[in-house]
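Here is what each chain is made of, one letter per residue.
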Amino acid sequence: MNHINLLNEFVDKFGEGGDIRGYFTPGRVNLIGEYTDFNGGYVFPCGLTMGTYMVARKRADRKLYMYSMNFEKKGVVQSSLDEFVNGLEKNWTMYPKGVMWAFEEKGYPLTYGYDFLVYGNIPNGSGLSSSASLEVLTGIMLKDMNGTKDIDSRNGIDNSDSNDDIHGISLQDIALIGQFAENKYVGVNCGIMDQFAVAMAKKDYAIFLDTNNLSYKYVPLKLGKYKIVIISSNKKRSLADSKYNERRSECEQALALLQTRKKVSCLCDLTVADFNEIQDVIADDILLARAKHVIYENERTKNAVTALEINDIVEFGKLMNESHRSLRDDFEVTGVELDLLVQEAQKCEGVVGSRMTGAGFGGCTVSIVRDDCIDAFIEQVGKTYEEEIGYSADFYVAGVGDGAHKIDIDGVNYVE
Ligand code: GLA
């Protein structure tokens, strides 16, 4: 896809006129801190310059007309604010509709429907949070469209009911509503990392987030002569959702056992030393390995952020490598494709660290690679992957970008 004018595309599908507005939300890559977020631990993601765009206009009725340029064949999908069917929709519209449903559930009723067009350049299902991106994107659109009383009288919309409560919600609230939609409408029991990251991201920074209380700090990604390289395995993540929910329930079972020995509210309340002292309470080897991953990963994440803050990129990379080993052997969420990508990456010159990122079971890896070695890295890892797996991987040198924001559709509406 070359240059696209999103406004033209919108007008082409939905016609001219009215108050048409544009929004953008990035994808994210998690540098370290995997499967810690629903265990009250630390994560360390950053926003990407790749993301999802939306062009929208409020309607005078309660209908929804939704079009995704990524699913052209589906055409314009028609629905309404009175047709929410939790867990039953299985196409891209479940994400925006889930968020609209979640707004209402959380006490922010919506009066009017929307025409909207979506276009994303995050590879779909790659584990770079294309769904969280679309959820938060819908959230900022709803906030913006309902936040002022003078939106658009040209459509015959009476904005005197414009919802001041919606106007007052923060980006963090929108992230939480997005997570609620994913948990209760889409049916994936995810933690808060992805929605928080894509809402709150900041160009050239990563977010060190404590998922226990949502306190966070931005840490500059001063990587010197190194870059973040993302590799998409292009493996279909078909069983990912059910396996994800299974891991979550295993963590809950392990926690219940550990709680009989120590008063804690989540796995990450335990230090590695605490865990080693009481781990014998877990007789089941699988549950023990799951808990071990989470508690050690939490410690690694804290140490990795400290390493980055003192410019010790080599130590940061080592911790990434250990993270992958633990996700492979103890948490068992990698698979041959991700393991091969990481193994080959770690062999390359100029690579300080490499690991899977996101939920796993396919999806992407993230590596820290020295500038002058990136071409050879892509060549070497790409070749071996294709030879052994039978299809190719895609490589992205990551641009670290800002979180959810409004865009000027009269100006910056060209994307590649
Ligand atoms: C997915 C989920 C997140 C998080 C990661 C694993 O991306 O959406 O909440 O649990 O997996 O770290």
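Residues numbered from 1 in each chain as written. Predicted model: local features only at pLDDT ≥ 70, side-chain atom pairs only at ≥ 80, totals over all residues. Heavy atoms only, no water.

So, about the sheet that holds strand E13 (residues 394–397). Across the sheet, which stays open at both edges, the four strands sit in the order E11-E12-E10-E13 with antiparallel pairing between neighbours. For this open sheet the edge positions go to strand E11 (351–357) and E13, each flanked by a neighbour on one side alone. Looking at each pair of strands side by side, their axes are set apart by 20° on average, direction ignored. Pairing of E11 with strand E12 (residues 364–370), which is carried by six bridges, proceeds in the antiparallel orientation. The residue bridging Gly-353 from the neighbouring strand is Ile-368, located in E12. Packed on one face of the sheet, helix H11 (residues 336–347) meets strand E10 (226–232), E11 and E12 and runs near 175° to E11. (Pairing = 2+ DSSP bridges. Helix = DSSP H or I, 4+ residues; strand = E, 2+ residues; numbered from the N terminus. Axes fitted to C-alpha atoms, helices over the stretch in contact; angles between N-to-C directions. Contact = heavy atoms within 4.5 Å.)

Further remarks concern the UniProt feature "active site" (unreviewed entry) in the protein. With numbering aligned to this structure, UniProt lists the feature "active site" (unreviewed entry) at Asp-194. Secondary-structure assignment places Asp-194 in helix H6 (residues 193–200). If sequence neighbours within four positions are ignored, Asp-194 has contacts with Arg-28, Ser-129 and Ala-132. There is a polar contact of 2.9 Å between the side chain of Asp-194 and the side chain of Arg-28. (UniProt positions renumbered as here; feature names shortened; annotations may be inferred. Polar contact = N/O pair within 3.5 Å; in protein donor to acceptor, adjacent residues only side chain to side chain.)

This next bit is on the UniProt feature "binding site: ATP" (unreviewed entry) in the protein. According to UniProt, the "binding site: ATP" (unreviewed entry) feature falls on Ser-68, Gly-125, Ser-126, Gly-127, Leu-128, Ser-129, Ser-130 and Ser-131. Tracing the backbone shows Ser-68 in strand E5 (residues 63–68). Non-local contacts of Ser-68, meaning those with residues more than four positions away in its chain, are made with Trp-92 and Val-118. Of note is the side chain of Ser-68, whose polar atom sits 3.0 Å from the backbone nitrogen of Asn-70. Position of Ser-131 among the secondary structure elements: in helix H3 (residues 130–146). Judged by its relative accessible area of 22%, Ser-131 is partly exposed. Other than its neighbours up to four places away in sequence, Ser-131 contacts Tyr-95 and Glu-182. (Buried < 20%, exposed > 50% of the residue type's maximum accessible area, 1.4 Å probe, protein only.)

All residues adjacent to the ligand are Arg-28, Glu-34, Tyr-35, Asp-37, Cys-190, Gly-191, Met-193, Asp-194, Tyr-244, Gly-358 and Ala-359. In the model, an oxygen atom of the ligand is placed 2.9 Å from a nitrogen or oxygen of the Gly-191 main chain. For the ligand, whose free accessible area comes to 310 Å², the fraction covered by protein is 93%. In terms of residue class, the shell around the ligand is made up of five nonpolar, two polar and four charged. (Near = heavy atom within 4 Å. Areas by Shrake-Rupley, 256 points an atom, 1.4 Å probe, with all protein chains shown as cover. Nonpolar A, V, L, I, M, F, W, Y, C, P; charged D, E, K, R; others polar.)

On to the sheet that holds strand E9 (residues 215–220). What the three strands build is an open sheet, ordered E3-E8-E9; its pairing is antiparallel. The open sheet is flanked by strand E3 (42–43) and E9, the only strands paired with a single partner. In this sheet, strand E8 (residues 205–210) lies alongside E3 in antiparallel orientation, the contact comprising two bridges. Residue pairing in the sheet places Tyr-42 in a bridge with Asp-210 of E8.

Direction vectors running N to C along H11 and helix H12 (residues 374–389) enclose 145°, while the axes themselves pass 10 Å from each other. Between H11 and H12 lies a crossing of right-handed hand. Counting all contacts with H11, which are made through Glu-337, Leu-340, Leu-341, Glu-344 and Ala-345, the residues of H12 involved are Phe-377, Val-381, Thr-384, Tyr-385, Glu-388 and Ile-389. A per-class count over the contact of H11 with H12 returns seven nonpolar, one polar and three charged. (Left-handed = near helix turned anticlockwise from the far one by under 90°.)

This part is about the domain arrangement of the protein. Looking at the protein, the domain boundaries give domain 1 (3–219 + 401–407), domain 2 (223–241 + 333–398) and domain 3 (244–317). Using only C-alpha atoms to locate each centre, domain 1 and domain 3 end up separated by 31 Å. Counting residues at the interface gives 23 residues for domain 1, matched by 21 residues for domain 3. Of all residues in domain 1, the largest losses of buried area upon contact with domain 3 belong to Ile-32, Phe-38 and Asn-39, amounting jointly to 30% of the total for that side. Along the contact surface separating domain 1 from domain 3 lie one salt bridge. A salt bridge links Lys-217 to Glu-309; the nearest nitrogen and oxygen atoms lie 2.9 Å apart. (Domains from an automatic or database assignment. Buried area = accessible area lost by both parts, 1.4 Å probe. Salt bridge = Lys/Arg side-chain N within 4 Å of Asp/Glu carboxyl O.)

Below, the discussion takes up the packing of aromatic side chains. All told, the structure shown has 20 aromatic pairs when counted by the stated rule. Between Tyr-35 and Phe-38 the ring centres are 6.0 Å apart and the planes differ by 80°, which places this aromatic pair in the edge-to-face class. Neither Tyr-35 nor Phe-38 differs from the other in exposure class; each is buried. On the basis of an interplanar angle of 90° and a centroid distance of 6.2 Å, the ring pair of Phe-377 and Phe-395 is categorised as edge-to-face. Highlighted residues: Phe-377 in helix H12 and Phe-395 in strand E13, separated in sequence by 18 residues. Members of the aromatic cluster, connected to one another through ring pairs, are Tyr-35, Phe-38, Tyr-244 and Phe-331. The ring of Tyr-296 is capped by Lys-292, whose NZ or CZ atom sits 5.7 Å from the centre of that ring. (Phe/Tyr/Trp six-rings, centres within 6.5 Å; stacked < 30°, edge-to-face > 60°. Lys NZ or Arg CZ within 6 Å of the ring centre and 35° of its normal.)

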